[in-house]
Amino acid sequence: MTFEELRELDRQYVIQSYGRGPIAIHHGQGAVLYGLDGREYIDFASGIGVLSVGTADPKWVEAVTEQAGRLGHISNLYYSEPYVKLAKALCTRSGMAAAFFGNSGAEANEGLIKLARKWSWEKYGEGRGTIITLNRSFHGRTITTLAATGQDVFHKYFFPFTEGFRRADPDLDSVKQAAGHDVCAVLVELVQGEGGVLPLDPDFVHGLVQLCQDRDWLFLVDEVQTGIGRTGSLFCFQQYGVQPDAVSFAKGIAGGLPMGGILVNERCRKVFGPGDHASTFGGNPVSAAAACAVLDILDEEAIGRVKEKGRYLREAIEAMDLPCLGGTRGMGLMIGVEVKDGASNKELCARLNQAGLLSLTAGAGLRFLPPLTISKEEMDKGLAILKNTLF
Ligand SMILES: *Cc1c(COP(=O)(O)O)cnc(C)c1O
């Protein structure tokens, strides 16, 4: 199929809900991808932070094909070996107590929201179901996670949205103003991803955890984007030195297969009993086997290198001193680059994609989320494209 044929079929038969760039990727290896026409692309996007171990990692391919050839699905009516292995690996490495698996980030966050509300209902009864979220946050595309998302652009058309969310700025006074007897939890991204790669101030986060303790609110962390090594630790909360009551994850967990989930601490492990929460595909054996392979590949050493790689990219980008780009920010391999006044981040991103560097936008800036296993050679190739395109 040629690219033109493909695009025509998409136009005819696909709901046009995505503003796609004129690129179709056919295959790849690591952080190097090839288009239908054989053209090379360097992957600084990871399919939006999903390809944590790059494309077609041999260990990942082996785990997926082995599991697919043995048992592709069984449902949660029965026990499943990949499910429990993955749950153990995640709990052991995060200090959390127990896991639940679904299929996406939004579904994982729905789990956090249901968890907080049921926990509070059992302890305090009705009328304490409000969750405080932050301005510029992003929590997903379902009606409820849109309601939780702290950006007005998402709050249109789909009324009525789910009740029970209140927004605050990332400072303690603002959160205290949003407080009330109806609140049961706060939900935050430690580095706001879609909002523009905005790390929360550690002092604010520590103050927030204290406030949660004082008011008996659950501290919920959305690590759908920051989790699974992206920021230089398995979960970002580990670098902030805080322990959430419950955390969601998704994007990078299964290295490209659909999976999301939540981890809860000891006090929340019994909130959901049989019948309270479920997901038909959740913890699917192939996705779970893929996720176990991802965690094997992303051992402490591999995750340790994420910070160095992030520093290397950020220093190189800043040293280029490109006219349309400003400073960089972020953690590990979650990198935001400021776009200077007058330039459009969407336009710059499209130019980079066209030039062979798959890139993303976030807020008003550019965002780079390369595979965590990216090599120095691949990073250098990407940096060269950046320099030659945005000079
Ligand atoms: C991507 C993202 C989501 C939504 O995940 P989906 O898998 O698209 O549902 C939720 N929260 C954060 C922080 C994200 O980055």
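My aim in this report is to walk through the structure given alongside it, one point at a time. (Residues numbered from 1 in each chain as written. Predicted model: local features only at pLDDT ≥ 70, side-chain atom pairs only at ≥ 80, totals over all residues. Heavy atoms only, no water.)

Spanning 13 residues, helix α10 (residues 285–297) covers 18 Å between terminal C-alpha atoms, matching the ideal 18 Å at 1.5 Å per step. The buried fraction of α10 is high, at twelve of 13 residues. Inspection of α10 places Pro285, Val286, Ser287, Ala288, Ala289, Ala290, Ala291, Cys292, Ala293, Val294, Leu295 and Ile297 among the buried residues, and these make up the whole buried set. Against α3 (58–68), α4 (81–94) and α11 (300–320) lie the buried residues of α10. Backbone nitrogen of Val286 and a side-chain oxygen of the N-cap are separated by 2.8 Å at the start of α10; the cap is Asn284. (Helix = DSSP H or I, 4+ residues; strand = E, 2+ residues; numbered from the N terminus. Expected span 1.5 Å × (residues − 1). Buried < 20%, exposed > 50% of the residue type's maximum accessible area, 1.4 Å probe, protein only. Contact = heavy atoms within 4.5 Å. Polar contact = N/O pair within 3.5 Å; in protein donor to acceptor, adjacent residues only side chain to side chain.)

All right, on to the site of the ligand then. Near the ligand you find Ser104, Gly105, Ala106, Asn109, Phe138, His139, Gly140, Glu189, Asp222, Val224, Gln225 and Lys251, and these make up its full shell. The contact in question runs from an oxygen atom of the ligand to an N or O atom on the backbone of Gly105, over 2.8 Å. Interatomic distance of 2.6 Å between a side-chain N/O atom of Lys251 and an oxygen atom of the ligand. Along the lines of polarity and charge, the residues of the shell around the ligand split into three nonpolar, six polar and three charged. (Near = heavy atom within 4 Å. Nonpolar A, V, L, I, M, F, W, Y, C, P; charged D, E, K, R; others polar.)

The strand order across the open sheet built from four strands is β13-β14-β17-β16, with neighbouring strands paired in antiparallel fashion. In the strand order of this sheet, the two ends are held by β13 (325–331) and β16 (360–362), each with one partner. Between one strand and the next, the sheet's axes are offset by a mean angle of 35 degrees, whatever the strand orientation. Packing against the sheet, helix α12 (residues 345–355) makes contact with β13, β14 (334–339), β16 and β17 (365–368), and its axis sits at approximately 40 degrees to β17. (Pairing = 2+ DSSP bridges. Axes fitted to C-alpha atoms, helices over the stretch in contact; angles between N-to-C directions.)

All right, on to the environment of Gly363 then. Mapped onto the elements, Gly363 comes out in the loop between β16 and β17. In this structure the C-alpha to C-alpha distance between Gly363 and Glu194, which are 169 residues apart in sequence, comes to 6.2 Å. Beyond its immediate sequence surroundings of up to four residues, Gly363 is in contact with Glu194, Gly195, Gly196 and Asn345.

Next up on the list: the layout of surface pockets. In this structure, the second largest pocket spans a volume of roughly 840 Å³. If you go around the second largest pocket, you meet 26 residues; those closest to its centre are Asn76, Tyr83, Ala99, Phe100 and His277. Those elements giving two or more residues to the lining of the second largest pocket turn out to be α4, β4 (98–102) and β12 (260–264). No other element matches β4, which puts four residues into the lining of the second largest pocket. (1 Å grid on protein atoms, 1.4 Å probe; cavity = no way out; pocket = protein on both sides within 12 Å on 5 of 7 lines; lining within 4 Å. Points joined across faces, edges and corners; volume = space filled by probe spheres on them.)

Bridge count for strand β1 (residues 25–29) against strand β2 (residues 32–35) is four bridges, and the pairing is antiparallel. In the sheet register, Gln29 faces β2, and the bridge partner there is Val32.

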